[in-house]
Amino acid sequence: MFLYIFLVFGFSSLFYFAGARSFLRWALNTVKFLVVCMRLTILLYASCIVYTLTTSPPCSDEKALQAIDKLCSDALRGRVFGNLCGPLCETLDIRYSSCTSQGGEKDVFYVSWNNITTTSLVMKRTRFSDILSNDIYSSGKERDLEKRLLMKIESLVNGHLHIKKSFKSVQDVLRLFWTMEKNVPIGSKKSDVFRNLHGLALQKEFVLSILCHNDDIFPKLHGSCGSFYFVERMPFTLHDVGISWSARVAVALKLLDLTHQLNYSFHGKLHVCDIKEDNIGVSYHNNSVKVHILDADSVVLNDNLLIEMETRHCVDDAGCAEGNCRGVCNTKIGRCQRQLINTNLQVICQQIFSDSDANHHHGQLRHPPFVIRKGLEEILQECISIQNVDETDDKTALQEMEIIHKIRDLLLNTV
């Protein structure tokens, strides 16, 4: 009897402990699996946050309004100036609408200006322009401070474009930046005026918009207040132009005109190193279409870009690329050559007119009428194959002119 009980108890215990160990092993494996899943979830969540913050910083209406409130507080105290401080801070004709996180290193706000008619504007400021030392113009003789300012302004303006523009007096800067000296109230502190001018000169897009205002390359500059400047808001970009063939042809013709302006309308050839649909604005005035470069910071004077290229180390041609602007690597010495191998027209043909990953509609000149389909395809391929071999050679310029005329003639025959 006792033997029977012992055997039953022994076998029962054996099965119990064996089952318990199996259960523990299963539970331990389950816990390990859950821990791994939790870690992966946390890692994925953190990666999403980092990606969001680095690619598209969050936009806050609260922070935007705080920035405008601070600007207006300084304006009402006579510390910042500009022709649009009054409409923004006193009469309140300029009103905040929204902000955008697409400005990169800039604060970009959308505002409406209820002047004679309601005008949509973009209010911009490069963030570092607001971090000027209060001491740089706060002490010293007035003449020394003026010399310091003029040296800073000349260095910044010429550095943006690699041009030789000189300023003999503060009035020269005032006339350039604010058009009229009356933007500065009588009795204003010179140190505040100097910091204001310096803050504007830091911003390449503002300077370019002023110097190129007659060429209509960029959206119209309406003015400034402090370090903020206001430009016309484009109602559309190339991304929005895709309804009809005639509408796309009208825009394409203006883009051909734009390439000519970039080559010949300024102190030297301008390169746009970030050509894509969303960076070309489209507006309509009196039944005519206009196109404008929205990212002026990507515009570089030819000589400036070539000088910068020579300073670069490289192992292949990829190391000599600045966005769409592509250079050549001398692999023997590991340096970029003083040369660009593509042009604005070549990039527009490749990235805008033809089917590419850069556009959303498979090319602005997609689905052409059958009568020009073959001819247009051939001329676009010729355009894409342009090689800017020698800057001193007129061959590329002549080739571009011929290509522009051929594309223009083909398009005009269909509208």
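These lines cover the structure that appears in this document, whether it is placed above or below. Keep in mind the model is a prediction, meaning the values are calculated, not measured. (Residues numbered from 1 in each chain as written. Predicted model: local features only at pLDDT ≥ 70, side-chain atom pairs only at ≥ 80, totals over all residues. Heavy atoms only, no water.)

1. Re the sheet that holds strand β5 (residues 228–232)
To summarise the sheet geometry, strands pair through backbone hydrogen bonds and adopt either a parallel or an antiparallel arrangement.
Step number 1: What the 5 strands build is an open sheet, ordered β1-β2-β3-β5-β4; its pairing is antiparallel. Looking at strand neighbours, the two that pair on one side only are β1 (94–100) and β4 (221–225), the edges of this open sheet. Across this sheet, the average inter-strand angle for adjacent strands is 30°, counted without regard to direction.
Step number 2: One ladder, built from 6 bridges, connects β1 with strand β2 (residues 106–114); its direction is antiparallel. Bridging across to β2, Arg95 finds its partner in Ser112.
Step number 3: The sheet contacts of helix α2 (residues 61–76) involve β1, β2, β3 (118–126), β4 and β5, and relative to β1 the element is tilted by about 140°. (Pairing = 2+ DSSP bridges. Helix = DSSP H or I, 4+ residues; strand = E, 2+ residues; numbered from the N terminus. Axes fitted to C-alpha atoms, helices over the stretch in contact; angles between N-to-C directions. Contact = heavy atoms within 4.5 Å.)

2. Some details on the pairing of β2
The side chains of a regular strand alternate, first on one face of the sheet and then on the other.
Step number 1: Counting buried positions along β2 gives 8 out of 9 residues, so the element sits mostly inside the fold.
Step number 2: Where β2 meets β3, 9 bridges bridge the pair, whose relative direction is antiparallel. Of the residues in β3, the one forming a bridge with Trp113 is Thr119.
Step number 3: Linking β2 back to β3 in an antiparallel pair, the connection comprises 3 residues. (Buried < 20%, exposed > 50% of the residue type's maximum accessible area, 1.4 Å probe, protein only.)

3. As for the sheet that holds strand β9 (residues 288–293)
Step number 1: The strand order across the open sheet built from 3 strands is β6-β8-β9, with neighbouring strands paired in antiparallel fashion. Among the strands making up the open sheet, the edge pair consists of β6 (236–237) and β9.
Step number 2: Relative to strand β8 (residues 280–285), β6 runs antiparallel, the two sharing 2 bridges. Directly across from Thr237, in β8, lies its bridge partner Gly281.
Step number 3: Across the sheet, helix α8 (residues 245–264) is in contact with β8 and β9; its angle to β9 comes to roughly 45°.

4. Focus: the nonpolar core
Step number 1: In this structure, Ile153, Phe177, Trp178, Leu197, Leu255 and Phe353 are the most contacted members of the largest nonpolar core, which totals 76 residues.
Step number 2: Here this core takes 9 residues from α8, the largest share from any one element.
Step number 3: Not counting residues up to four positions away in its chain, the partners in contact with Phe353 are Ala252, Leu255, Leu256, Ile348, Gly363, Gln364, Leu365 and Leu380.
Step number 4: Counting residues in hydrophobic clusters, the runner-up holds 22 residues, among them Leu84, Cys89, Cys99 and Cys225. (Core = buried A, V, L, I, M, F, W, Y, C linked by side-chain atoms within 4.5 Å.)

5. A few points about the state of the cysteines
Step number 1: Counted according to the given criterion, the structure contains 6 disulfides.
Step number 2: Paired through a disulfide, Cys320 and Cys336 show a sulfur-sulfur distance of 2.1 Å. Across the S-S bond linking Cys320 and Cys336, the dihedral sits near -95°, which makes this disulfide left-handed. Here Cys336 lies in strand β13 (residues 335–340) and Cys320 lies in the loop between α9 (302–310) and β11 (321–322), a separation of 16 residues in the sequence.
Step number 3: Note on Cys320: relative accessible area 0%, which makes it buried. (Disulfide = S-S within 2.5 Å.)

6. What about the pattern of salt bridges?
Step number 1: With the rule as written, the count across this model stands at 15 salt bridges.
Step number 2: Asp172 is the partner of Arg175 in a salt bridge, and the nearest nitrogen-oxygen pair spans 2.9 Å. Of the two residues, Arg175 and Asp172 are both situated in helix α5 (residues 170–178); the distance of 3 residues between them amounts to about one turn of the helix.
Step number 3: Take Asp172: its relative accessible area is 22%, and that puts it in the partly exposed class.
Step number 4: Glu322 is paired through a salt bridge with Arg312; the nearest N and O atoms lie 2.2 Å apart. (Salt bridge = Lys/Arg side-chain N within 4 Å of Asp/Glu carboxyl O.)

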